[in-house]
Number of protein chains: 2
Amino acid sequence: MGALLLTPDGSRLIVDGRYITAARGRVATSAELEHVQVELASGSLEESVAAALSAIATTSIGVEAGSMTLDRFGRLQALTGGRFVPTERVIEQVRLVKDAVEIDIMRTAARMLSDAATDALAAVRPGREERDVAADVEVALHRAGFTKPAFDTIVASGPNSALPHARPGSRVLGDGDGVVLDFGGIYDGYCVDLTRTVQLGAASASFNRVFEAVKAAHAAAIAAVRPGVTASSVDGAAREALSKRGLGEAFVHGTGHGLGLEVHEEPRVARAGTGRDEVLRAGMVFTVEPGAYLAGVGGVRIEDDVLVTASGYEVLTAVPIDLGSYGAAMERRGGRRSDPAGER
Amino acid sequence: MGALLLTPDGSRLIVDGRYITAARGRVATSAELEHVQVELASGSLEESVAAALSAIATTSIGVEAGSMTLDRFGRLQALTGGRFVPTERVIEQVRLVKDAVEIDIMRTAARMLSDAATDALAAVRPGREERDVAADVEVALHRAGFTKPAFDTIVASGPNSALPHARPGSRVLGDGDGVVLDFGGIYDGYCVDLTRTVQLGAASASFNRVFEAVKAAHAAAIAAVRPGVTASSVDGAAREALSKRGLGEAFVHGTGHGLGLEVHEEPRVARAGTGRDEVLRAGMVFTVEPGAYLAGVGGVRIEDDVLVTASGYEVLTAVPIDLGSYGAAMERRGGRRSDPAGER
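Nothing here was measured: the structure is a model prediction, and the numbers come from that model.

### Thoughts on the overall build of chain A
On a plain count of helices and strands, chain A comes out with nine helices and 16 strands. Projected onto the principal axes, the alpha-carbon positions of chain A cover approximately 70 × 50 × 35 Å. For chain A, the residues scored as buried account for 43% of the 344 residues in total. For chain A, long-range pairs separated by at least 24 residues make up 68% of all intrachain contacts whose partners lie at least 6 apart in sequence.

### Points about the sheet that holds strand β2 (residues 10-15) of chain B
Residue and element names in this part refer to chain B. Taken together, three strands build an open sheet; the order of strands is β1-β2-β3 and the sheet is mixed. At either end of the open sheet lies a strand with only one pairing partner, and these are β1 (2-7) and β3 (36-40). Across the sheet, the mean angle from the axis of one strand to that of its neighbour is 20°, orientation sign disregarded. Here five bridges tie β2 to β3, and the two strands are oriented parallel to one another. Considered in β3, the bridge of Ile14 is made with Glu39. Lying over the sheet, helix α1 (residues 20-29) contacts β2 and β3, oriented at roughly 165° with respect to β3.

### Topic: helix α2 (residues 45-53) of chain A
Regarding α2(A), the residues found buried are A:Glu46, A:Ser48 and A:Val49. All buried residues of α2(A) project into a common sector of 165° when viewed along the axis, lining one side.

### Some details on the interface of chain B and chain A
Contact with chain B, which involves 36 residues of that partner, is made by 36 residues of chain A. Counting residues per element, the ones that place at least two in the side of chain B that touches chain A are α1, α3 (70-80) and α6 (130-144) of chain B. In terms of residue count, the dominant contributor to the side of chain B that touches chain A is α6(B) (five residues). Considered class by class, the residues forming the side of chain B that touches chain A number 17 nonpolar, 10 polar and nine charged.

### Regarding the sheet that holds strand β1 (residues 2-7) of chain A
All names here are of chain A. The strand order β1-β2-β3 describes an open sheet built from three strands, whose pairing is mixed. Of all strands in the sheet, those bounded by a partner on one side alone are β1 and β3 (36-40). Taken pair by pair, the neighbouring strands of this sheet meet at an average axis angle of 20°, ignoring direction. Those strands touched by helix α1 (residues 20-28) are β2 (10-15) and β3, and its axis lies near 165° from that of β3. The strands touched by α2 are β1 and β2; relative to β1, the strand with the most contacts, the crossing angle is about 15°.

### Some thoughts on the domain arrangement of chain A
Taken as a whole, chain A is organised into domain 1 (2-88) and domain 2 (97-342). Once you take the C-alpha centre of each, domain 1 of chain A and domain 2 of chain A turn out to be 38 Å apart.

### Description of the nonpolar core
Grouped together as the largest cluster of nonpolar side chains are 170 residues, with contacts concentrated most on A:Leu181, A:Ala292, B:Leu181 and B:Ala292. For A:Ala292, the residues in contact, after removing those within four places along its chain, are A:Val210, A:Ala213, A:Val214, A:Leu242, A:Leu247, A:Ala250, A:Phe251, A:Gly299 and A:Val300. Core analysis: the second largest hydrophobic core is formed by 14 residues, A:Val49, A:Phe73, B:Val49 and B:Leu76 among them.

### Side note on the packing of helix α7 (residues 205-223) of chain B against helix α8 (residues 231-244) of chain B
For any two helices packed against each other, the geometry comes down to the angle between their axes and how far apart the axes lie. Residue and element names in this part refer to chain B. In contact at an axis separation of 8 Å, α7 and α8 are set at 155° when each is read in the N-to-C sense. Our classification of the angle between α7 and α8 gives roughly antiparallel. Remark: the crossing between α7 and α8 carries right-handed chirality. On the side of α7, the interface is formed by Ala213, Ala216, Ala217, His218, Ala220 and Ala221, while α8 contributes Val234, Ala237, Ala238, Ala241 and Leu242. Along the lines of polarity and charge, the residues of the contact of α7 with α8 split into 10 nonpolar, one polar and no charged.

### Looking at the packing of α2(A) against helix α3 (residues 70-80) of chain A
Residue and element names in this part refer to chain A. Two numbers describe how α2 lies on α3: the axes approach to 9 Å, and their chain directions differ by 35°. For the pair α2 and α3, the crossing hand works out as right-handed. Listed contacts from α3 to Glu46, Glu47, Val49, Ala50 and Leu53 of α2 are Arg72, Arg75, Leu76, Leu79 and Thr80. Residue composition of the contact of α2 with α3, grouped by class: five nonpolar, one polar and four charged.

### A short note on the relation of the copies chain B and chain A
With an RMSD of 0.0 Å, chain B superimposes on chain A once it is rotated by 180° and translated 0.0 Å along the axis. A rotation of that kind, with that shift, is consistent with a two-fold axis. Ranked by how close their C-alpha atoms come to the rotation axis, the residues of chain B are headed by B:Thr69, at 2.1 Å. Same-surface contact between copies: 97% of interface residues of chain B are shared with the interface of chain A.

### Some thoughts on the pairing of β2(A)
Consecutive side chains of a regular strand alternate in pointing toward one face of the sheet and then the other. Residue and element names in this part refer to chain A. Inspection of the sheet shows β1 paired to β2 by six bridges, in the antiparallel sense. For Gly2, the partnering residue across the bridge sits in β2 and is Val15. Where β1 folds back onto β2 in an antiparallel hairpin, the turn is made up of two residues. With α1 bridging β2 and the parallel β3, this β-α-β connection has right-handed handedness.

### Let's talk about the environment of A:Ser11
Residues and elements named next belong to chain A. Structurally, the position occupied by Ser11 is in strand β2. Ser11 sits 21 residues away from Glu32 along the chain, and the two C-alpha atoms are 12 Å apart. Discounting residues that sit within four places of it in the chain, Ser11 has contacts with Leu4, Leu5, Leu6, His35, Val36 and Gln37.

### What to know about helix α5 (residues 100-122) of chain A
Residues and elements named next belong to chain A. Here α5 spans 34 Å end to end across 23 residues, near enough to the 33 Å set by a 1.5 Å rise per residue. In α5, a bend of some 30° at Ala116 exceeds every other bend along the element. Along α5, the residues classified as buried are Met106, Ala109, Ala110, Leu113, Ala116, Ala117, Ala120, Leu121 and Ala122.

Each value, and the rule that gives it
- Every chain is numbered independently, its residues counted from 1 as its sequence is written.
- For this description, chains carry letters from A and ligands carry numbers from 1, given in the order in which they are written.
- A pLDDT threshold of at least 70 governs which residues receive local features in this predicted model, and a stricter bar of 80 or more applies before side-chain atom pairs are shown or counted, although totals over entire chains, interfaces and linings include all residues.
- A run of H or I in DSSP counts as a helix once it spans at least four residues, and a run of E counts as a strand once it spans at least two, with each numbered from the N terminus.
- Labels follow a simple rule on C-beta atoms placed from the backbone: if 20 or more others lie within 10 Å of a residue's own, it is buried; if 12 or fewer, it is exposed; otherwise it is partly exposed.
- A residue pair is marked as a contact if its C-beta atoms, positioned from the backbone, fall within 7 Å.
- At least two DSSP bridges between two strands are required for those strands to pair.
- What counts as an axis is a line fitted to C-alpha atoms, over the stretch in contact for a helix, and the angles between N-to-C directions run from 0 to 180 degrees.
- Arc, as used here, means the arc of the directions from the helix axis to the C-beta atoms.
- Here the term charged refers only to Asp, Glu, Lys and Arg, the term nonpolar to Ala, Val, Leu, Ile, Met, Phe, Trp, Tyr, Cys and Pro, and the term polar to all other amino acids, Gly among them.
- All domain edges in this entry derive from an automatic or database-based domain assignment.
- Here a nonpolar core is just a set of buried residues of the types Ala, Val, Leu, Ile, Met, Phe, Trp, Tyr and Cys, joined wherever their C-beta atoms sit within 7 Å.
- By definition in this entry, angles of less than 35 degrees are roughly parallel, angles greater than 145 are roughly antiparallel, angles of 65 to 115 are roughly perpendicular, and the rest are oblique.
- The crossing is said to be left-handed when, going from far helix to near helix, the turn is anticlockwise and less than a right angle, and right-handed when the turn is clockwise.
- Only residues with pLDDT of at least 70 in both copies count here: their C-alpha atoms drive the least-squares fit that superposes the copies.
- A crossover counts as right-handed when, viewed with the strands pointing away from the observer, the path leading from the first strand over the helix to the second turns clockwise.
- To estimate how far a helix should extend, the number of its residues minus one is multiplied by 1.5 Å.
- Bend, at a single residue, is the angle you get between axes fitted to the 7 residues ending at that residue and the 7 residues starting at it.

The structure is reproduced here in C-alpha cells:
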C-alpha cells in the first residue's frame, strides 16, 4: 500500500515496508522524481495519510466516490475530523479526454493488440476446449508485449456465443461453430480491447445474416463518430442498423465504453436515457462493439477501439473483420502461425 | 451486473440483458436453483434493487462497508430512503472459518498448485526474462486446471528479489541468481498461493545463510499453528526465528494472510498491535510466508498454505523447499518437463 501526497511545497510518497526498497530505488534513478520524498509508513495507510495531512492547511480533500469503499472513507473521516468530501466526475472528467501522450500509448497498444490477434484467432480450432483457446490468447497477449490481459478473455463457441459475457469452459469447439473471441491487454498502464467472431467450417445462412447485420451496425456506429455529437447517437446508429435487419431485440447491451487506465471508463456509448450521455470531443477513446445474440442459437460481436479526432474518427485497431477469414488463412498455412521456438 | 435477493418468500435474480440468457439457462438446468426467479433489470442495478426491496417489509439492510463504494451506497440510500446500513466483519466473520465443502475445495486446489509448481519452477532458467517466466507460470496454472491466476505472478530475480512485491520485468535471469517465485490460482472460486525461492547455479554463503534463516522461520511459524493461539503468535514465531539470526529488520511484512474467496482475507497473521488479531480456530486457512530482504543484495521468501485443524495444523501445499533443488532436478532431465504436445 502507498500514498502519494502532492502539495505546493513538495511531494511525499508514503509506503509500507514491502515497497520501501522499490520506492527508494525508483526515486533515486528517475530525474523527474528527484523532489519526491520517500517515507516508511507508520501504522495503517489511513493513519499515515492523516498524520501527513495534519501538517497541511487545506480544509477539505476530495475522494473519488466511485472508487473509495465505505470503510476506508469512514476511517479517514474519523482520523481527520471529517476533512474528506466524496466527489463524482472530477477525476473522471479529466480522464475522459486523452492527451497526446496517452493517445500515443493507446495507438501503440492497439497496434500490438492487432498483431496479437493473428495468434489469438489462430488458436480457434475445432477439437480444442474454450478454456485452452483462452489460455493461448493470453500467451499471445504476453508475447505481443502486454503487461497483462485487461480482463478475462472471452471464448464463446456455438450456443455459448449467445452469452455476451460467457466464461470460457470445457466446451470443445466443433466444425460449424461460430466463436466469439473478446480479449484485451494493458500496455504502459492503458487498456485496449478487441472482439472478432470466427466461423469454423461453413456458416448457416441464418448465422451469415446475423454476422452481416452486426458488421453493418459496427460500420454505421464508427461512421457516426465525430466531435459534437452525443455518444448515444453513435449507439443509435448501431441500434438502427440492427433494428432494420430485425435484430434490435437481439442487441442486449450498449455499443461501447471508454478505454484508458481502466477497461471500462467514460464515455458510455449507450442508449439515450439509460444513464449519463456525453457530447463527443477529440481525444476520447472508446470501443464500438455491437452484437446480436439469439438464445440457443448463437451470437456475433465485432469490436474495435476508436479515437475521436478533430475531424471525425480514427480506428486504432486494425484486424480483418470477415467471418472465417482467419480459419481459412490458417489452414492454408498448415496450422498455428507461431511456435514455441519463436518465443521471445 | 446482477443482484440476487434471497428472502423468506423466495429468491429473485435480477440481471441485465447481457446475462439474461446465461442466468435463465443456469436456473433451468440446476435442480437446487429451481426456486430462483430470473428477471431482466429495468434501469440501473440500484434502481432494480430498490424496486425489488419496496415489496419487502424489512426496515434495514446491511452492506459490506469494505466492498461497497461511496457512490453506489449513496445511490441506494437515495432510492430507498436510507434503508442500507454499513456493516463490518459480519460477512467477514462467517468467511473466516471454512466449512467442510470449502476445505475440500481448498485441499484440492492446493494439491493442484503443488502439481503446477513443478512446471512453474522448471521455467526458472538462466537466460530468460522474468516476464517470460511469469507467463509460463500462468500457463502452468491453466494446465493444472485453475480458472485463472489468483494474483499477478511474481518473478523476482537477483537484486529484484529484495523487493517483496516486485513486478516481473525484462531482467534476464543469470547464473548465480536467487529467484523468488510467488504464484497462485483460483479453483472453484477459492484461492491458493505458494512461494518458493530458487537458486540458479551456486549460492553465496551469505545467501545460503538468509535462506536457512527463512526456512527456519517458516517451520517455526507452521509449528506454532493450533486452535486457541492468536494469529500474532504465529507471526511472532517466524519473527523470533529471523531475529535470532540477525534478520529481524529484513522481515518487512506480516507472516501471512487468510485465503478463501479472496486471496487476501482474514485472518491477518501479523505482529500484535498492528491491526485486528484473531484467535485461531479449526477451519481457518492462511498462508505462512516469512521472508528476508536485503536491499541491493536479494531476498528469500517461502510460502505454504496452512489449515488449522482440531489438533494443530495441516499444510495443504506440498512442494520441496530446498534451495536449488528444482534447477538441479531439471538439468538432470535435460530441460523443461512439459512440452506443448502434452497440452490439455
